[in-house]
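Overview (structure and organization)
The lines below spell out each chain.
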Amino acid sequence: MINKDMLSLGQNRSAIRELFEQGKVLKEKYGSENVFDFSIGNPTAPCPSIINEKIKSLANNAGLSIHGYTSASGDKNVREEIATYLNKTYDASVSGYLIYLTVGAAAGLSISLKAVTSGNSDDEVIVFAPFFPEYSVFIKNANAKVVTVNPDYETFYPDFDDFRNKITKNTSAVIINSPNNPTGVFYKKEILTKLCDILSQKEKEFNHPIYLISDEPYREILFIDEKYTFITNLYDNSIVVYSFSKTASVPGERIGYLIVNTNCKNASEVYAAICGAGRSLGYVCATSLFQFLIPHCLGVTSDINIYKNNAYFLYEELTKIGYEVVKPDGALYVFIKAPIDDDNEFSKKALEYNLLLVPSESFGVRGFVRAVNCLSEEQTKRALPKFTELYNYYK
Ligand code: PLP
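Since the model is a prediction, treat every value here as computed from it, not as a measurement.

**A few points about the side chain of N373**
With respect to the helices, strands and loops of the structure, N373 is situated in the loop between strand 12 (368-372) and helix 13 (377-382). Among the polar contacts listed, one links the side chain of N373 to the backbone oxygen of A331, at a separation of 3.2 Å. With sequence-adjacent residues up to four places away left out, N373 is seen in contact with F223, I306, Y307, N310, A311, A331, L332, Y333 and V334.

Below, the structure written as C-alpha cells:
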C-alpha cells in the first residue's frame, strides 16, 4: 500500500514548479528568448569565482576525507567557523555546538519543525501570509496544523491583531522569513521587536516555549541600507535556518545550516531533538565537499546589484504602466497586484503573452502574482512590452 498523502504531493506539483515545467514547453515552441519565465527563484548572478576555485582546490588537494562521512550534524570545525563569523558580523552569541549543517534551508526547516512539535496533531505552527508554499508541506509532515496570519495589505508586515488572536495553547512554533518570499519586504528591527514581545507575552500566558524559526535564505540579498537584526539577539527560544542557495548562487548544491539559540530554554535538549529529527528524516551529514567549502564562502555573495537593478526596474516600470507593485527591499521577487481578483485567471492570461507569473493563492493570499527579479537584466527589460499588452487587455 502506498501513502495517499505522499502520492498526492508527488502527483500535484507546486504552482511554481508547474509553471516552471510549462515554461520549458513554451521555450521549445517559441525559443527561450521569447518566453519570459518569471516563475522560479533560480539565481542567475554568477556564483562568486572563489567558490569555483575552492571546489577545484578542495577536490585536488584535500584527499579522501573530502568525500567521506562527517559527524551527522556536520564537521565540528566548520560549525565553529560559522559561529565565529556570525558572532563577529551580527554581534550574536551563537555556538558551534548548537549548529547543524543541512541540505539547504528546506531540510533545515523540516528538521526544525519536526524537532519542536510534539508529533500529536493538535500542534499548530503559525505562518505569515503571503508565505513560501512549501512551509505547509513541511508543517504537515511534522503532523502539525498550519495557521495563517493575515498581512497588513498596506505594508505587508503581519497584521499584529490577527497574530495575537491566532496564538493558542497549541501553538508550538512561528515561522518568519525576511527579506520575504514572495513580497521582498524586509522586517526592520522595530517590527521584529513587536513580534517577539507578543510571543514572549504568550509564552508566559500559556507557560510553554513558542519557538520562533527564522528562515533566512535571502539574508544578504538586501537592497536597502538596513542592518540585519539577528533573531537570537531578540528572542530566546529561536532557531535560525540559513542556506547558501540564493546568496551564493548554488541552489543545486544543497547546503545550509540551522542554529539553536544558546539562550533557548533547555538548548541542549532542543539541539538533541534537532539531531534526532535529522536522523529520522535521513538528513544527516550534509554533502562533505560543500561543508568544507563553507569557511570560504561565509559573507561571500554573488552580485546582488543584478537583483536590485531588476527589482527596482520592475517596480518602477510596472508602476508606470498602471500595476500596483509592492516595493521590494530584498530577496528575489516582486509582488504585483493583479488587475482582476482572480490571480489564477490572471496568471493564465499572462501565459498567452509568454509571461510566466506565479498566482498568489499558493502563498496564502488572493489577487496577486509573483515575478522573480533574477532573470538577466536584458530579458527583464525585453519583457516590459508584454506586461504592457497584458495590462491593456484588462483596460
Ligand atoms: N525558504 C524560502 C523562503 C525559500 O524561498 C526557499 C527556496 O526558494 C527555501 C526556503 C528553500 O531553500 P533551499 O534551496 O536552500 O532548500
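**Here's the deal with the domain arrangement of the chain**
Where interface size is given, it is often the accessible area lost as the parts come together that is meant. Taken domain by domain, the chain comprises domain 1 (4-48 + 302-394) and domain 2 (50-297). For domain 1 versus domain 2, the distance between C-alpha centres works out to 26 Å. On the domain 2 side, the residues contacting the 33 residues of domain 1 number 34 residues. The contact between domain 1 and domain 2 buries some 2,600 Å² in all, and 66% of this surface belongs to carbon and sulfur atoms. Among the residues domain 1 hides against domain 2, the three largest losses belong to P48, D329 and F363. Together they make up 22% of the total. At the junction of domain 1 and domain 2, the tally comes to 14 residue pairs in polar contact (both at pLDDT 80 or more).

**Some details on the packing of helix 3 (residues 49-61) against helix 10 (residues 288-297)**
Between helix 3 and helix 10, whose axes approach to 10 Å, the crossing angle comes to 135 degrees. Judged by the angle between their axes, helix 3 and helix 10 are oblique. The crossing of helix 3 and helix 10 is right-handed. Residue-level contacts link I50, I51, K54, I55 and L58 of helix 3 to L289, F290, F292, L293, H296 and C297 of helix 10. Considered class by class, the residues forming the contact of helix 3 with helix 10 number 9 nonpolar, 1 polar and 1 charged.

**Some words on the sheet that holds strand 7 (residues 238-243)**
The strand order 2-8-7-6-5-3-4 describes an open sheet built from 7 strands, whose pairing is mixed. At either end of the open sheet lies a strand with only one pairing partner, and these are strand 2 (99-102) and strand 4 (145-149). Here the strands of the sheet are splayed against their neighbours by 20 degrees on average, with no regard to which way each runs.

**Some details on the site of the ligand**
Surveying the vicinity of the ligand reveals 15 residues, the closest of which are N181, D215, Y218, S243 and R254. Here an oxygen atom of the ligand sits 2.6 Å away from a polar atom, N or O, in the side chain of Y218. With respect to the ligand, the side chain of S243 contributes an N or O atom lying 2.6 Å from an oxygen atom. The protein chains hide 91% of the 390 Å² of surface that the ligand would expose on its own. Here the shell around the ligand gets 4 residues from one element, more than from any other, and that element is helix 5 (residues 104-115).

**A few points about the sheet that holds strand 11 (residues 358-359)**
Here 3 strands make up an open sheet; going across it, the order is 9-12-11 and the pairing antiparallel. Unpaired on one side and paired on the other, strand 9 (333-337) and strand 11 mark the two borders of the sheet.

**Let's talk about the packing of aromatic side chains**
Evaluation of the coordinates by the stated rule reveals 23 aromatic pairs. Arranged with centres 6.0 Å apart and planes meeting at 80 degrees, the rings of Y157 and Y187 form a pair that is edge-to-face. Taken as a pair, Y157 in the loop between strand 4 and helix 7 (160-166) and Y187 in the loop between strand 5 (171-177) and helix 8 (189-206) lie far apart in primary sequence, 30 residues in all. When sorted by exposure, Y157 lands in the same class as Y187, which is buried.

**Examining the pairing of strand 7**
Side-chain direction in a regular strand flips from residue to residue, so the side chains alternate between the two faces of the sheet. Judged by how many residues are buried, strand 7 sits mostly within the fold: 6 of 6 residues are covered. The side-chain alternation of strand 7 yields two buried faces, one formed by S238, V240 and Y242 and the other by I239, V241 and S243.

**Overview of the packing of helix 4 (residues 76-90) against helix 10**
Where helix 4 meets helix 10, the axes come as close as 9 Å, and the angle between the chain directions of the two elements is 30 degrees. Comparing the axis directions of helix 4 and helix 10 gives the class roughly parallel. At the point where helix 4 passes helix 10, the crossing takes the left-handed sense. Only Q291, F292, I294 and P295 of helix 10 make contact with helix 4, whose side of the interface consists of V78, E81 and I82.

**Points about the pairing of strand 4**
Pairing analysis gives 5 bridges linking strand 3 (residues 124-128) to strand 4, with the strands arranged parallel. Bridged to I126 within strand 4 is V147. Each parallel crossover has a hand, and the one from strand 3 via helix 6 (residues 134-141) to strand 4 is right-handed.

**Some thoughts on helix 2 (residues 15-30)**
Helix length check: helix 2, at 16 residues, gives a terminal C-alpha distance of 22 Å against a target of 22 Å (1.5 Å per residue), a fit within 8%. Of all the residues in helix 2, the buried ones are I16, L19, F20, G23 and L26. What you see down the axis of helix 2 is that its buried residues fit within an arc of 120 degrees, all on one side. Of the residues in helix 2, the exposed ones pointing more than 90 degrees away from the buried face are V25, E28 and K29. Here the buried face of helix 2 lies against strand 1 (36-37), helix 12 (343-351), strand 10 (355-356), strand 11 and strand 12. Positive phi shows up at G31, right after helix 2, with a value of about 90 degrees.

Rules used in this analysis
- Residues numbered from 1 in each chain as written.
- Predicted model: local features only at pLDDT ≥ 70, side-chain atom pairs only at ≥ 80, totals over all residues.
- Heavy atoms only, no water.
- Helix = DSSP H or I, 4+ residues; strand = E, 2+ residues; numbered from the N terminus.
- Polar contact = N/O pair within 3.5 Å; in protein donor to acceptor, adjacent residues only side chain to side chain.
- Contact = heavy atoms within 4.5 Å.
- Domains from an automatic or database assignment.
- Buried area = accessible area lost by both parts, 1.4 Å probe.
- Axes fitted to C-alpha atoms, helices over the stretch in contact; angles between N-to-C directions.
- Parallel < 35°, antiparallel > 145°, perpendicular 65-115°, else oblique.
- Left-handed = near helix turned anticlockwise from the far one by under 90°.
- Nonpolar A, V, L, I, M, F, W, Y, C, P; charged D, E, K, R; others polar.
- Pairing = 2+ DSSP bridges.
- Near = heavy atom within 4 Å.
- Areas by Shrake-Rupley, 256 points an atom, 1.4 Å probe, with all protein chains shown as cover.
- Phe/Tyr/Trp six-rings, centres within 6.5 Å; stacked < 30°, edge-to-face > 60°.
- Buried < 20%, exposed > 50% of the residue type's maximum accessible area, 1.4 Å probe, protein only.
- Right-handed = clockwise from strand over helix to strand, strands pointing away.
- Expected span 1.5 Å × (residues − 1).
- Arc of directions from axis to C-beta.

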